[in-house]
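Okay, here's what each chain looks like letter by letter:
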Amino acid sequence: RKFKEVCPLARWMVVEEEWRTLLAHTGGLREGIESETFSLPSSTCSFCVFRFWLCVFLWSRSCVVLDGVGAREGLVIMSKVGMEPERGAERHYGCKSVLPSFVPQFVRLVICMAWMMVCVALVLVVAPLLLPKRRWRACIVKVFMVLFAPVVYAVYGIRLRVTGMENRGSLARREPVVYLANHSSTLDVVTCSRVTSTGTIAIVKKELLVHPIGWIAWLNGTIFIDRSSREKAIKSVNSISGLLRKHGLSVCVFPEGTRSKDGRLQPFKKGAMHLAMQSKVPIVPVVVTGAHKLWGRKGWGVKCDGDPIEIKFLPAIDTSGWTPESLAKHTEDLHALFIRHLPEDQRPLKGE
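Residues numbered from 1 in each chain as written. Predicted model: local features only at pLDDT ≥ 70, side-chain atom pairs only at ≥ 80, totals over all residues. Heavy atoms only, no water.

Draft legend 1. A look at the packing of aromatic side chains. By the definition in use, this model includes three aromatic pairs. For the pair Phe-144 and Phe-148, a centre-to-centre distance of 5.3 Å together with 25 degrees between the ring planes defines the contact as stacked. In this pair, Phe-144 and Phe-148 are both assigned in helix α7 (residues 140–156), four residues apart and thus about one turn of the helix distant. As far as burial versus exposure is concerned, Phe-144 and Phe-148 are alike and both buried. Aromatic side chains Phe-268 and Phe-338 sit 5.3 Å apart centroid to centroid with 85 degrees between the ring planes, which places their arrangement in the edge-to-face category. Here Phe-338 lies in helix α14 (residues 327–341) and Phe-268 lies in the loop between β6 (250–253) and α12 (271–279), a separation of 70 residues in the sequence. Since its relative accessible area comes to 11%, Phe-268 is described here as buried. (Phe/Tyr/Trp six-rings, centres within 6.5 Å; stacked < 30°, edge-to-face > 60°. Helix = DSSP H or I, 4+ residues; strand = E, 2+ residues; numbered from the N terminus. Buried < 20%, exposed > 50% of the residue type's maximum accessible area, 1.4 Å probe, protein only.)

Draft legend 2. Region of the structure containing a nonpolar patch on the surface. On the surface, Phe-106, Val-107, Val-110 and Ile-111 cluster together to form a nonpolar patch covering roughly 340 Å² of accessible area. Along the chain, Val-107 falls in helix α5 (residues 105–130). (Patch = residues over 30% accessible without salt bridge, like charges linked within 9 Å, V, L, I, M, F, W, Y side chains within 5 Å. Areas by Shrake-Rupley, 256 points an atom, 1.4 Å probe, with all protein chains shown as cover. Salt bridge = Lys/Arg side-chain N within 4 Å of Asp/Glu carboxyl O.)

Draft legend 3. Main features of the environment of Gly-214. Relative to the elements of secondary structure, Gly-214 occurs in helix α9 (residues 212–220). Spatially, the C-alpha atoms of Gly-214 and Phe-224 are 9.2 Å apart, while their sequence positions differ by 10 residues. If near-sequence neighbours (up to four positions away) are discounted, Gly-214 is found in contact with Leu-208, Leu-209 and Phe-224. (Contact = heavy atoms within 4.5 Å.)

Draft legend 4. Quick peek at the environment of Lys-261. You can see Lys-261 is positioned in the loop between β6 and α12. In this structure the C-alpha to C-alpha distance between Lys-261 and Ser-184, which are 77 residues apart in sequence, comes to 7.3 Å.

Draft legend 5. Structural view of the side chain of Ser-197. Here Ser-197 lies in the loop between α8 (188–195) and β4 (200–205). Classification of Ser-197 by relative accessible area gives buried; the value is 7%. Side chain to side chain, Ser-197 and Tyr-179 meet in a polar contact 2.7 Å long. Sequence-distant contacts of Ser-197, that is, excluding residues within four places in its chain, are made with Lys-142, Arg-168, Gly-169, Ser-170, Tyr-179 and Ser-250. (Polar contact = N/O pair within 3.5 Å; in protein donor to acceptor, adjacent residues only side chain to side chain.)

Draft legend 6. Structural detail: the packing of α7 against α8. The N-to-C vectors of α7 and α8 enclose an angle of 125 degrees; their axes lie 9 Å apart at closest approach. The angle between α7 and α8 falls in the class oblique. When you trace α7 past α8, the crossing you get is left-handed. Each of Val-141, Lys-142, Met-145, Val-146, Phe-148, Ala-149 and Tyr-153 in α7 lies in contact with α8, whose residues at this interface are Val-189, Val-190, Thr-191, Ser-193, Arg-194 and Val-195. A per-class count over the contact of α7 with α8 returns nine nonpolar, two polar and two charged. (Axes fitted to C-alpha atoms, helices over the stretch in contact; angles between N-to-C directions. Parallel < 35°, antiparallel > 145°, perpendicular 65-115°, else oblique. Left-handed = near helix turned anticlockwise from the far one by under 90°. Nonpolar A, V, L, I, M, F, W, Y, C, P; charged D, E, K, R; others polar.)

Draft legend 7. Examining unusual backbone geometry more closely. One non-glycine residue, Arg-174, lies in positive phi territory at about 55 degrees. Mapped onto the elements of the fold, Arg-174 is located in the loop between β2 (159–163) and β3 (178–181). Take Arg-174: its relative accessible area is 44%, and that puts it in the partly exposed class. One non-glycine residue with positive phi stands out, namely Asp-305, at about 55 degrees. Counting through the fold element by element, Asp-305 comes out in the loop between α13 (291–294) and β8 (309–313).

Draft legend 8. Region of the structure containing the sheet that holds strand β7 (residues 283–289). As summarised here, the arrangement of the eight strands in space is β1-β2-β8-β7-β3-β6-β4-β5, forming an open sheet in which the pairing is mixed. Only two strands of the sheet have a single partner each, and these edge strands are β1 (90–94) and β5 (223–225). Adjacent strand axes in the sheet meet at a mean angle of 20 degrees, parallel and antiparallel pairs treated alike. Bridge analysis of β7 against β8 gives four bridges, and the strand direction is antiparallel. Across the sheet, residue Val-287 finds its bridge partner in β8, namely Lys-312. Its contacts with the sheet place α8 against β1, β2, β3, β7 and β8, and it is angled at close to 45 degrees to β8. Running at roughly 35 degrees to β7, α14 makes contact with β3, β7 and β8 of the sheet. (Pairing = 2+ DSSP bridges.)

See the structure below:
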């Protein structure tokens, strides 16, 4: 509907710019893109296919908002699609639920599960093309989330308000980071995976391997740890320290180790800080606010059309000067940093 307000030239600019960005992320036709010789197929059939998938891509990124703007302003906004976000810029993802309020939770869950299996099947078909190179494999989860997350957002009315995206790492520029995010909801998997940079792997519990999303994560290079064995967990974490610098990959970690029961911040474990110190890559704190109000730890019910989830990427923290002796102090400082940026109802209770 939003495209109807904009002239065909503006619509073409969006499609071509987003197609260039998509190909750049997947490593395809990079030389043609850089030399500005790449153009979209001219046939009507091919263009319709490209337009369909690219509109899905645009919708999932939610990076074009044309409500209340004319064609001239729309052209300016669209010409910036796919570029690096400006400092201090705010990005929005998701929308109000497309289903009536009387639709039960069970039906919504079935819709999401069915679409998830379709996305898993599509990604598993494409995955063999990306397996030969480690950097390509790291894009698999992002491809999956670009397809899967928008439907979840539309079914439950989940909206994200993201700030500080200029602080993220970059696979294309080989700028790896360690994302540290507070873990207050099951939705964190769908939200954090959607907004972190392309080429981000994760460290998760091995129990996720029985879930279809775990299969995608395994192809992506995600590290599965056995939380019952501290030695095995440390060995698994240490195994990826070299990957970050060698391939320019980033990693997302929940330093609390497990999901919060009531949304309040829990004590941090040192594993993620050890990883950042060993690999000498910056830490980017990711503060997630309000996710526990939509889906807490108990039950399968998700609150529909709730308040937007706020995600803040804080400025990167240099770890090149960290030592094992100072690690405990840095962990405390990071925990205090999260407390300062979280609302009162997500801060630890006194004495915890």
